[in-house]
Amino acid sequence: MDKKFKIEFDEANVQDSVSYILVTEFDLKPNVLKAEISGDGSGVMILALEGEEAKLEAAEKRLKEAGFNVSITKRIERDEDLCWDCGACVSICPVFCFSHDKDTMKVMLDNSKCIACSSCVNACSVHALSLHL
Ligand code: SF4
Ligand code: SF4
């Protein structure tokens, strides 16, 4: 299964040690989807992780014990009844989660690439999109 972790860190527990723990202790392959680091060394990153559920849960527990603020990001959700395929989200998503189906011109969503930036949520005029971190 796959999960996305949102991990907040500070200068005392830097980004590198997160990957080290995930790879060496849990045999997970982290894929950094987003990382923002402030001048003081604190920051937040969103990691996509694939592996056995038990290992993912153990990794989450381990990171929390190491002092990281860890939460599981949920996927972006769309209310199909509200969406009218206007396309506003297609152009605004920085990682191309949305696309037009060439035959139907419906807006398709592939949330596996989502980096939880919220841009589409704010862009949707009918509030069809929601993101729960
Ligand atoms: S911006 Fe909202 S209404 Fe428009 S296509 Fe995207 S989800 Fe649908
Ligand atoms: S939250 Fe950001 S990355 Fe995710 S689907 Fe919306 S615009 Fe794309």
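Residues numbered from 1 in each chain as written. Chains lettered and ligands numbered in written order. Predicted model: local features only at pLDDT ≥ 70, side-chain atom pairs only at ≥ 80, totals over all residues.

Participant: Help me understand the overall build of the protein chain in this model?
Facilitator: Along the protein chain, the regular secondary structure elements total 4 helices and 8 strands. Of the regular secondary structure in the protein chain, the N- to C-terminal order runs β-α-β-β-α-β-β-α-β-β-α-β. Taking the principal axes of the C-alpha coordinates as reference, the protein chain spans close to 45 × 35 × 20 Å. Counting the 133 residues in the protein chain, one finds 22% classified as buried. Of all intrachain contacts in the protein chain linking residues separated by at least 6 positions in sequence, the fraction that spans at least 24 positions is 62%. (Helix = DSSP H or I, 4+ residues; strand = E, 2+ residues; numbered from the N terminus. Buried ≥ 20, exposed ≤ 12 C-beta atoms within 10 Å, placed from the backbone. Contact = placed C-beta atoms within 7 Å.)

Participant: How do you make sense of the site of ligand 2 when you look at a structure like this?
Facilitator: Taken together, 13 residues sit near ligand 2, with Cys93, Cys97, Cys114, Cys117 and Cys120 positioned nearest. Across the shell around ligand 2, the residue classes break down as 11 nonpolar, 2 polar and no charged. (Near = placed C-beta within 6 Å. Nonpolar A, V, L, I, M, F, W, Y, C, P; charged D, E, K, R; others polar.)

Participant: What exactly am I supposed to notice about the site of ligand 1 here?
Facilitator: Near ligand 1 you find 14 residues, and of these Cys83, Cys86, Ala88, Cys89 and Cys124 are the closest. Residue classes in the shell around ligand 1 are distributed as 11 nonpolar, 1 polar and 2 charged.

Participant: I'm lost on the domain arrangement of the protein chain in this one. Help?
Facilitator: Interface size is commonly expressed as the accessible area that is lost once the parts come together. Per the domain assignment, the segments making up the protein chain are domain 1 (2-73) and domain 2 (78-130). Placing a centre on the C-alpha atoms of domain 1 and another on those of domain 2 gives a separation of 27 Å. (Domains from an automatic or database assignment.)

Participant: Just to check I follow, could you spell out the sheet that holds strand S4 (residues 69-73) for this structure?
Facilitator: Picture the strands of a sheet paired through backbone hydrogen bonds; they go either parallel or antiparallel. Spatially, 4 strands are ordered S2-S3-S1-S4 in an open sheet, and the strand pairing comes out antiparallel. In this open sheet, the two strands that pair with only one neighbour each are strand S2 (31-37) and S4. Shown here is a sheet whose adjacent strand axes are inclined to one another by a mean of 20 degrees, direction ignored. (Pairing = 2+ DSSP bridges. Axes fitted to C-alpha atoms, helices over the stretch in contact; angles between N-to-C directions.)

Participant: I'm lost on the pairing of strand S1 (residues 2-9) in this one. Help?
Facilitator: For a regular strand, side chains alternate in direction, first toward one face of the sheet and then toward the other. When S1 meets strand S3 (residues 43-50), the two strands line up antiparallel, connected through 8 bridges. Directly across from phenylalanine 5, in S3, lies its bridge partner leucine 47.

Participant: Explain helix H2 (residues 53-65) to me, please; I cannot follow it from the model alone.
Facilitator: The periodicity of an α-helix, 3.6 residues per turn, causes residues three or four positions apart to be oriented the same way. Over its 13 residues, H2 extends 18 Å from the first C-alpha to the last, a length consistent with the 18 Å expected when each residue adds 1.5 Å. All of the buried residues in H2 are Leu56, Ala59 and Leu63. Taken down its axis, H2 places every buried residue within 60 degrees of arc, on the same side. Away from its buried face, by an angle of more than 90 degrees, H2 presents the exposed residues Glu53, Ala54, Lys61 and Glu65. Glycine 67 sits one or two residues past H2 and shows a positive phi near 100 degrees. (Expected span 1.5 Å × (residues − 1). Arc of directions from axis to C-beta.)

Participant: Help me understand the environment of lysine 113, please; the structure alone is not making it clear to me.
Facilitator: Position of lysine 113 among the secondary structure elements: in the loop between strand S7 (107-109) and helix H4 (119-123). As for lysine 113 and serine 130, which are separated by 17 residues in sequence, their C-alpha atoms are 16 Å apart.

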